[in-house]
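# Remarks on the overall topology
Here is how the chains run, residue by residue.
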Amino acid sequence: QVQLVESGGGLVQPGGSLRLSCAASGLSLANYLIGWFRQAPGKQRELVAYIYSGGNTKYADSVKGRFTISRDNAKNTVLLQMNSLKTEDTAVYYCNADNSRIAYWGQGTQVTVSS
């Protein structure tokens, strides 16, 4: 059974940092394009960052220079380091694994940026 589990969310003040983790079971993340998405209340889900199996990365303009996506293939995990957080980063964050034939989603983790 394939499962993606996000963790690391929480409440943080503006300017703070969080590190999200997406851990997989039942598949090898090394063979998938992995994306982090987020959805704020009343808004559509949007792409935050993704990392190819070869390690290349892309980011939404809104998070460039602040967020870093990376792989830990030994732990079958993808990380999202989020620095200089802003109130507008508040959302539920989801990871997605896609190999162009099938895609999997995690259940999401809440990130709240507030003073």
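The following paragraphs examine the structure supplied in this document. A quick note: this is a predicted structure, and the numbers were derived from the prediction, not measured.

### Here we look at the nonpolar core
In this structure, Trp-36, Leu-80, Met-82 and Tyr-93 are the most contacted members of the largest nonpolar core, which totals 28 residues. Contributing elements (two or more residues each) for this core: β3 (18-25), β4 (33-39), β5 (46-51), β7 (67-72), β8 (77-82), β9 (91-98) and β11 (109-113). Tyr-93 has contacts with Glu-6, Leu-20, Trp-36, Phe-37, Arg-38, Val-48, Phe-67, Leu-80, Met-82, Gly-108, Thr-109 and Val-111, leaving out every residue within four places of it along the chain.

### A closer look at the environment of Glu-88
When you line up the elements, Glu-88 lands in the loop between β8 and β9. Taking the relative accessible area as the measure of exposure, Glu-88 reaches 54% and is therefore exposed. C-alpha separation for the pair Glu-88 and Pro-14, spaced 74 residues apart in sequence, amounts to 9.5 Å.

### Let's talk about the sheet that holds β7
Spatially, four strands are ordered β1-β3-β8-β7 in an open sheet, and the strand pairing comes out antiparallel. Edge positions in the sheet fall to β1 (3-7) and β7, since each of these pairs with one other strand and no more. On average, each strand axis in the sheet is tilted by 15° relative to the strand beside it, whichever way the strands run. Alignment of β7 against β8, held across six bridges, turns out to be antiparallel. Its bridge partner being in β8, Phe-67 is matched across the sheet by Met-82.

What counts as what
- Residues numbered from 1 in each chain as written.
- Predicted model: local features only at pLDDT ≥ 70, side-chain atom pairs only at ≥ 80, totals over all residues.
- Heavy atoms only, no water.
- Core = buried A, V, L, I, M, F, W, Y, C linked by side-chain atoms within 4.5 Å.
- Buried < 20%, exposed > 50% of the residue type's maximum accessible area, 1.4 Å probe, protein only.
- Helix = DSSP H or I, 4+ residues; strand = E, 2+ residues; numbered from the N terminus.
- Contact = heavy atoms within 4.5 Å.
- Pairing = 2+ DSSP bridges.
- Axes fitted to C-alpha atoms, helices over the stretch in contact; angles between N-to-C directions.

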